[in-house]
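Remarks on the overall topology
Below, each chain spelled out in residue letters.
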Number of protein chains: 2
Amino acid sequence: MGTSGQERPVVRVGLLGCGNIGGALARLLLSDGEWIADRTELDFRLTRVAVHSTALDWGVPGIGPLLTEDAASVVADPEIDIVVELIGGTKPAKQLVLSALSHGKPVVTANKELLAKHGPELWKAAAAAGVDLLFEASVGGGIPLVRALRESLAGERVQRLVGIVNGTTNYILTRMTASGASYEEALAEAQSLGYAESNPTADVEGHDAASKATILANVAFGAELALADVYREGISKVSPLDIVAATRLGFVIKLLAVVEAEDGVIAVRVHPAMVPKDHPLASVHDSFNALFIEGASVGQLMLLGRGAGGPPTASAVLGDMVDAAHNMTAKGAVRRLELHHMPLKPIDELRCPYYLSLRVVDRPGVLSAIAGVLGEHRVSVRSMEQDAPETETTATGAEEGEARLVFVTHPAYERDMQACLHVLRHLDAVHEIGGLIRVVGA
Amino acid sequence: MGTSGQERPVVRVGLLGCGNIGGALARLLLSDGEWIADRTELDFRLTRVAVHSTALDWGVPGIGPLLTEDAASVVADPEIDIVVELIGGTKPAKQLVLSALSHGKPVVTANKELLAKHGPELWKAAAAAGVDLLFEASVGGGIPLVRALRESLAGERVQRLVGIVNGTTNYILTRMTASGASYEEALAEAQSLGYAESNPTADVEGHDAASKATILANVAFGAELALADVYREGISKVSPLDIVAATRLGFVIKLLAVVEAEDGVIAVRVHPAMVPKDHPLASVHDSFNALFIEGASVGQLMLLGRGAGGPPTASAVLGDMVDAAHNMTAKGAVRRLELHHMPLKPIDELRCPYYLSLRVVDRPGVLSAIAGVLGEHRVSVRSMEQDAPETETTATGAEEGEARLVFVTHPAYERDMQACLHVLRHLDAVHEIGGLIRVVGA
């Protein structure tokens, strides 16, 4: 770093990637540079931008002379003070980040997949180099949740994080709730609006949310965690019938990432959940993201905002760049993220209320048989609704001679619920197990 | 600062005040000290606690030997590394904080009144001494909104802040909405629950919110502002009729602190507002606080949590203590808050939609006369409802031979609305101007 005329430290930025987020950041630095310098007292100079092809038009005025296809030389360049990695994926991002750190350069990244898969190795490399590896933008886009957890709540006994961390699935579930659309219809709509990719698996099956849950567990509890250990269920099985039942019962269905720690044991999971409609998370609509935090002193806290999109995510990246630059002028201020092993609570030991929907034969004795199965497995019923057989098929999903039963249980163990499902699946009277959705926040 | 056996910096804390927040902080430090040290790598030692009487029982186990009535000696004590000011008010807090800073000690405070009245002087003193003056807990209790604005959004063009920053008034308005209670009934309920003080003026007339708005303007825009310049209206005139009309029209009434800047001009105001019911602020219930932030890149962001209470506020104080201690080991990291003059937009120039409720004579021609007054003043009506005279008096507030008119306007200038009110007040046909409430967030 040098100093500009006004005695502001000059920070020369090497940017890797110029897509959605990288392009937004480049635009900010090139067009708003003076304003940012006035505001932060740091003179960021976008110096080199690594892209896979310099022949393409990257849509950022003035970026042409900065482009290079040689990312490896950017992270090693002595003329670069700070590296911003916005390529995504693990290859070549991992090697580039490691190389930047080994050259003593702080790194700012928005790459959730990289951190979820290789975080411990990367944070060790950053600690060894004594430089920052900052990643606010990797979870929740523009929402400053990493900083809240690492700094504001540094001395807080955080107990639980419940996040809506995937905008695509939240948009789909919001549409299904608002319009009664099926999952397939809502997905198609999300795709046509650019909220979902043509291959939506990473979003709708919860892989993206699981990466983010892993990072949240790292930050909030210092827990070292393998992405594969995160229990994961997506939203593709959520039916319009579940949505209707949820509304009637006073719930909203959300895809949640839950991280909780108790007595040194951590639980991390991603699944659709019934959220009471007066819970703050229930009002997180469309493609918004939010993180709900419960702590021993702070009580309940929620941070809500745009979890994706170029400009919001670039804003979070810029916040980290300011931090990294400040810390470069005062080495001692770099904060390390040190992870340790924590035993993982298996999903079997989860205890919560459940929503269970069944399509059954409409004859006397069936309800009693099902209630018997639940009771044998220590599952106590809080409420039950039976749709009368004369109700239209389309509204209840029940055919002639069938009924639809919707149960909400008192808190029960997951292993007991799964044992119930196993038995119910083999009962002649049960035609279909419609949905099993955990209740969170009640 | 020294170093403990485990090579953790020892930070000796001088605490001023041991009330609600101070007691909660003392309890945390004395009972959870080891856990906090593990987590933060800082060994905070509560060393001296200044109170107005050492003879009282302060309800914190083990605090007895630390108590002193000599606050002035605590802030000057070379054995104290950091001062936490939780006395409240300006006297003697201001002199104590200035003295602590002049002795080179970082100060953490939760004192909104002190900062709103003397912030510029205090921040200058901190900058001159080269130490931190941190105040996360002064607005929004446990919500990390100051850090979000100062750090996460350091490079963001913040445009507007809309906050629910007073839990007492939010509780009262929530009760009025939920139960149809009058303002007086809801206030009495809040007082019986300890949410409102026996003299509720500071809360219900918006003084507390105005102090917090001043601090938000300082932090978000670096604007130097006199507390007296903040436009302020409280909630004591909000009637059950306004609440009913709001619900019918799809709004929720909230007391808002609004800070916005455009072209170098700042506007700061506190008043009741109609918030659309699907706006995130509408779902901030009871004594929760929230800050809604709009920025050019980040889009919309909301932070919600407990805005008051000992433990949540102590949690925010502790987060600042961690920051201050880290910065003591790396002097360059101290961030100054530098304020500058910004022209203030007078309330007359506010432009927004308005809700206006009138009690009028029920006879032909009245509506036309009133619409004429509005039209003459460039106020365009978006919707109008007339309660039929046969409706029960209790529901509409209209007597026999009277009608109640409720208007929602298109965006209009405050000066034009006030001019309308002036004319309407002198019309024979208008018996009462029920409520004029600004619409925010639509």
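One can find the structure itself at the top, above this paragraph.
Treat the numbers as computed from the prediction; the structure is a model and nothing was measured.

Quick notes on the rules
- Residues numbered from 1 in each chain as written.
- Chains lettered and ligands numbered in written order.
- Predicted model: local features only at pLDDT ≥ 70, side-chain atom pairs only at ≥ 80, totals over all residues.
- Heavy atoms only, no water.
- Buried < 20%, exposed > 50% of the residue type's maximum accessible area, 1.4 Å probe, protein only.
- Helix = DSSP H or I, 4+ residues; strand = E, 2+ residues; numbered from the N terminus.
- Arc of directions from axis to C-beta.
- Contact = heavy atoms within 4.5 Å.
- Least-squares fit on C-alpha atoms with pLDDT ≥ 70 in both.
- Axes fitted to C-alpha atoms, helices over the stretch in contact; angles between N-to-C directions.
- Left-handed = near helix turned anticlockwise from the far one by under 90°.
- Nonpolar A, V, L, I, M, F, W, Y, C, P; charged D, E, K, R; others polar.
- Phe/Tyr/Trp six-rings, centres within 6.5 Å; stacked < 30°, edge-to-face > 60°.
- Lys NZ or Arg CZ within 6 Å of the ring centre and 35° of its normal.
- Pairing = 2+ DSSP bridges.
- Buried area = accessible area lost by both parts, 1.4 Å probe.
- Salt bridge = Lys/Arg side-chain N within 4 Å of Asp/Glu carboxyl O.
- Polar contact = N/O pair within 3.5 Å; in protein donor to acceptor, adjacent residues only side chain to side chain.

1. Things to note about helix 13 (residues 366–376) of chain B
All names here are of chain B. Buried residues of helix 13: Val-366, Ile-370, Val-373 and Leu-374, and no others. What you see down the axis of helix 13 is that its buried residues fit within an arc of 95°, all on one side. What points out from helix 13, more than 90 degrees from its buried face, is the exposed set Ser-368 and Glu-376. Each element contacted by the buried residues of helix 13 is listed here: strand 17 (354–361), strand 18 (381–387), strand 19 (402–409), helix 15 (414–425) and strand 21 (430–439). Looking one or two places after helix 13, you find Arg-378, whose phi comes out positive at around 65°.

2. Some words on the side chain of His-377 of chain B
Residue and element names in this part refer to chain B. By the element assignment, His-377 lies in the loop between helix 13 and strand 18. A relative accessible area of 14% places His-377 in the buried class. The contact partners of His-377, leaving out residues within four places of it in the chain, are Asp-416, Ala-419, Cys-420 and Val-423.

3. Some words on the relation of the copies chain A and chain B
Screw-axis analysis of chain A against chain B gives a translation of 0.0 Å along the axis, an RMSD of 0.0 Å, and a rotation angle of 180°. On the angle and the small slide along the axis, the relation comes out as a two-fold axis. For chain A, the minimum C-alpha distance to the rotation axis belongs to Leu-303 of chain A and amounts to 2.2 Å. When the interface residues of chain A are mapped onto chain B, 98% of them again fall at the interface, so both copies present the same face.

4. Here's the deal with the packing of helix 6 (residues 145–152) of chain A against helix 6 (residues 145–152) of chain B
The interhelical angle for the contact between helix 6 of chain A and helix 6 of chain B, taken along N-to-C directions, is 115°, at an axis separation of 10 Å. You can see that helix 6 of chain A and helix 6 of chain B cross each other, and the crossing is right-handed. Facing Arg-147, Glu-151 and Ser-152 of chain A of helix 6 of chain A, the residues of helix 6 of chain B in contact are Arg-147, Glu-151 and Ser-152 of chain B. Looking at the contact of helix 6 of chain A with helix 6 of chain B, its residues break down into no nonpolar, two polar and four charged.

5. Let's talk about the packing of aromatic side chains
This model, assessed by the stated rule, comprises four aromatic pairs over all chains. Taking 5.2 Å as the distance between ring centres and 55° as the angle between the ring planes, the aromatic pair formed by Trp-123 of chain A and Phe-135 of chain A counts as tilted. Here Trp-123 of chain A is found in helix 5 (residues 112–129), whereas its partner Phe-135 of chain A is found in the loop between strand 7 (133–134) and helix 6, with 12 residues between them in sequence. Its relative accessible area of 5% is what places Trp-123 of chain A among the buried residues. When the ring centre of Tyr-413 of chain A is taken as reference, the NZ or CZ atom of Arg-415 of chain A above it lies at 4.8 Å. In this structure, Arg-306 of chain B is placed above the aromatic ring of Phe-288 of chain B, and the distance from its NZ or CZ to the ring centre is 3.9 Å.

6. Description of the pairing of strand 8 (residues 158–164) of chain A
Residues and elements named next belong to chain A. Extensive coverage of strand 8 is indicated by the burial of six of its seven residues. Two strands pair when backbone bridges link them, and strand 8 and strand 13 (residues 288–295) are joined in this way by six bridges, in the antiparallel orientation. Among the inter-strand pairings, Arg-160 is bridged to a residue of strand 13, identified as Glu-294. Direction of pairing for strand 8 relative to strand 11 (residues 251–262): antiparallel, over a ladder of four bridges. Looking across to strand 11, one finds that Arg-160 is bridged to Glu-260.

7. Some points on the interface of chain A and chain B
Often, the extent of an interface is quoted as the loss of accessible area upon association of its parts. In this complex, chain A contributes 48 residues to the contact, which on the side of chain B involves 48 residues. A combined buried area of about 4,000 Å² lies between chain A and chain B, and 51% of that area is made up of carbon and sulfur atoms. Asp-32 of chain B serves as the salt-bridge partner of Arg-157 of chain A, at 3.2 Å between the closest nitrogen and oxygen. In terms of residue count, the dominant contributor to the side of chain A that touches chain B is helix 12 (residues 310–328) of chain A (eight residues). Tallied by class, the residues present in the side of chain A that touches chain B amount to 24 nonpolar, 12 polar and 12 charged. Both strand 14 (residues 299–306) of chain A and strand 14 (residues 299–306) of chain B contribute to a ladder of five bridges, which runs antiparallel. Across the sheet, the residue bridging to Gly-305 of chain A is Leu-301 of chain B, located in strand 14 of chain B.

8. Topic: the side chain of Asp-77 of chain A
Residues and elements named next belong to chain A. Within the fold, Asp-77 resides in the loop between helix 3 (71–76) and strand 5 (82–85). A polar side-chain atom of Asp-77 sits 2.7 Å from the main-chain amide nitrogen of Glu-79. In this view, Asp-77 contacts Arg-48 and Lys-105; residues no more than four positions away in its chain are not counted.

9. Section: unusual backbone geometry
Residues and elements named next belong to chain A. The amide bond that connects Lys-91 to the next residue, Pro-92, takes the cis arrangement and shows omega of 10°. Its location among the elements puts Pro-92 in the loop between strand 5 and helix 4 (93–102). A positive phi angle, close to 65°, is found at Arg-378, a residue other than glycine. By the element assignment, Arg-378 lies in the loop between helix 13 (366–376) and strand 18 (381–387).

10. A few points about the pattern of salt bridges
Counting across every chain of the model gives 52 salt bridges over all chains. A salt bridge links Asp-77 of chain B to Arg-48 of chain B; the nearest nitrogen and oxygen atoms lie 2.9 Å apart. Note that Asp-77 of chain B is positioned in the loop between helix 3 (71–76) and strand 5 (82–85) and Arg-48 of chain B in strand 3 (residues 43–50), a separation of 29 residues in sequence. Residue Asp-77 of chain B is classed as buried on the basis of its relative accessible area, which comes to 12%. The network of salt bridges with common partners includes Glu-136, Arg-147, Glu-151, Asp-320 and Asp-323 of chain A together with Glu-136, Arg-147, Glu-151, Asp-320 and Asp-323 of chain B.

11. What to know about the pairing of strand 13 of chain A
Two faces, one strand: in a regular strand the side chains alternate between the faces of the sheet. All names here are of chain A. For strand 13, a buried count of seven out of eight residues is recorded, marking the element as mostly surrounded by other parts of the structure. Two elements, strand 13 and strand 14, share eight bridges in a ladder whose sense is antiparallel. For Asn-289, the partnering residue across the bridge sits in strand 14 and is Gly-305. Taking the residues that link successive antiparallel strands as the turn, the strand 13-strand 14 hairpin has three residues.

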